[in-house]
Amino acid sequence: MNRLSRTLCSLLLVLASLSLSAQKTHFEPGYIITKAGDTLYGQVKDRSPEPFVEIYQRIRFIPEGRKGRKKYGPDDILGYGVGGRHYAAAPLREESAFFKFRYYSTPEDPPVFLRVVAREGPLTYYLMEFVHDDNNYVDDFPLLHLQGRAELVRATQGIFGLKRERLKAYFKDCPQLLSALEGKDLTNPQEVYDFYLERCRGVASKLGN
């Protein structure tokens, strides 16, 4: 091997080492929850770094005290956490008709990772994260899910605010919440979530599929 070849090989090794080091820096402390319900701590990476962000369908995980990474999809684990964000693997199906979207969750639907904002009693507040195709920007929209319901309700429509009519139909068993939505006393999904838990929790037993 001549001097030029040795130099090129050395450069390639250095670049490879730098690339591996850069990849490792994008891992953050986190955890996964196994199908058995065990929480394993380690380093987690669930998306590529900016500016060209990609949300991984299968997260990367390096167990604490071990070498080598593993990949887990929503079929493999119950959930994970990283960077102060928490995710649950939940069945989800999107249906659309005339530019209107509905979201369903039944055991037959394929699981996806949904970000969990809050979960208490019968109500869960999720965020569905996605990446804009035109600018690689991570965005999200809120979904509320009542235990026992096969459908989730999308709580907002972009800059237009709360989807009041959809929320009223979804929470029709709670007259107090309907009045608050009609009177525009509630302005965001967190307020809807909190109101339900404070005023409507007693109607949960009446809800069917």
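Rules used in this analysis
Residues numbered from 1 in each chain as written. Predicted model: local features only at pLDDT ≥ 70, side-chain atom pairs only at ≥ 80, totals over all residues. Heavy atoms only, no water. 1 Å grid on protein atoms, 1.4 Å probe; cavity = no way out; pocket = protein on both sides within 12 Å on 5 of 7 lines; lining within 4 Å. Points joined across faces, edges and corners; volume = space filled by probe spheres on them. Helix = DSSP H or I, 4+ residues; strand = E, 2+ residues; numbered from the N terminus. Nonpolar A, V, L, I, M, F, W, Y, C, P; charged D, E, K, R; others polar. Core = buried A, V, L, I, M, F, W, Y, C linked by side-chain atoms within 4.5 Å. Buried < 20%, exposed > 50% of the residue type's maximum accessible area, 1.4 Å probe, protein only. Salt bridge = Lys/Arg side-chain N within 4 Å of Asp/Glu carboxyl O.

Q: So what's going on with the layout of surface pockets? Which residues, and what values?
A: There is about 380 Å³ of room inside the largest pocket. Put simply, the parts of the chain that give the lining of the largest pocket at least two residues each are β2 (39-47), β3 (55-63), β9 (111-120) and β10 (123-131). Counting residues per element, the lining of the largest pocket draws most heavily on β10, at 5 residues. Grouping the amino acids of the lining of the largest pocket by side-chain chemistry returns 12 nonpolar, 1 polar and 6 charged.

Q: Explain the nonpolar core residue by residue, including any values.
A: Grouped together as the largest cluster of nonpolar side chains are 23 residues, with contacts concentrated most on L144, L167, F171, L177 and V192. For this core, the secondary structure elements donating two or more residues are β10, β11 (138-146), α2 (164-170), α3 (175-182) and α4 (189-200). For this core, the element with the highest residue contribution is α4, accounting for 6 residues.

Q: Give me the pattern of salt bridges: which residues, what numbers.
A: Two side chains of opposite charge can pair, provided their charged atoms sit close to one another. By the definition in use, this model includes 12 salt bridges. For E129, the salt bridge is made with R115, and the minimal N-O distance between the two is 3.4 Å. One end of the pair, E129, is in strand β10; the other, R115, is in strand β9, with 14 residues separating them in the sequence. Residue R166 is joined to E151 by a salt bridge in which the shortest nitrogen-to-oxygen separation is 2.9 Å. Here R166 is found in helix α2, whereas its partner E151 is found in strand β12 (residues 151-154), with 15 residues between them in sequence.

On their own, these measurements won't tell you what the molecule is for.
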